[in-house]
Amino acid sequence: SIDRYVEDGSYLRLKTLRLTYKVPVSLSWLQGLALWGEANNLFTVTRYVGSDPEFSANNAVLYQGIDTGNVAVGRSFTFGMRINL
């Protein structure tokens, strides 16, 4: 039967999380200080067997939902500091 190759592609993903902490400062020459961290692609909950449920072979209508074995997007972490003088 044709539905043998059809899978449930539903998923829950935490794609971006950013946390910022504004450091309280009382210096005349420093107006503000903030520390931040950002994480991308933290987790995906799915029963999909392929590497990533968002992938498709092409943007054309007939190719939507066809997985060609692409590598999933990696997880990344970024940290920074904002200094206002």
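As the structure is a computational prediction, the values presented were derived from the model and not from experiment. (Residues numbered from 1 in each chain as written. Predicted model: local features only at pLDDT ≥ 70, side-chain atom pairs only at ≥ 80, totals over all residues. Heavy atoms only, no water.)

A separate point is the sheet that holds strand β2 (residues 32-46). Ordered in space as β1-β2-β3, the three strands form an open sheet in which the pairing is antiparallel. The sheet terminates laterally at β1 (11-23) and β3 (76-84), the two strands that pair on one side only. With direction set aside, neighbouring strand axes in the sheet form an average angle of 15°. Here β1 pairs with β2 via twelve bridges, running antiparallel. Bridge assignment links L17 to a residue of β2, and that residue is A39. (Pairing = 2+ DSSP bridges. Helix = DSSP H or I, 4+ residues; strand = E, 2+ residues; numbered from the N terminus. Axes fitted to C-alpha atoms, helices over the stretch in contact; angles between N-to-C directions.)

Before going further, it helps to examine the packing of aromatic side chains. For the structure on display, the rule yields zero aromatic pairs. One Lys or Arg, R18, reaches over the ring of W36 and ends 4.2 Å from the middle of that ring. (Phe/Tyr/Trp six-rings, centres within 6.5 Å; stacked < 30°, edge-to-face > 60°. Lys NZ or Arg CZ within 6 Å of the ring centre and 35° of its normal.)

This part covers the side chain of N41. The topology assignment puts N41 in strand β2. The class of N41 is buried, set by a relative accessible area of 16%. For N41, the contacting residues outside a window of four places in its chain are R13, L14, K15, V73, G74 and R75. (Buried < 20%, exposed > 50% of the residue type's maximum accessible area, 1.4 Å probe, protein only. Contact = heavy atoms within 4.5 Å.)

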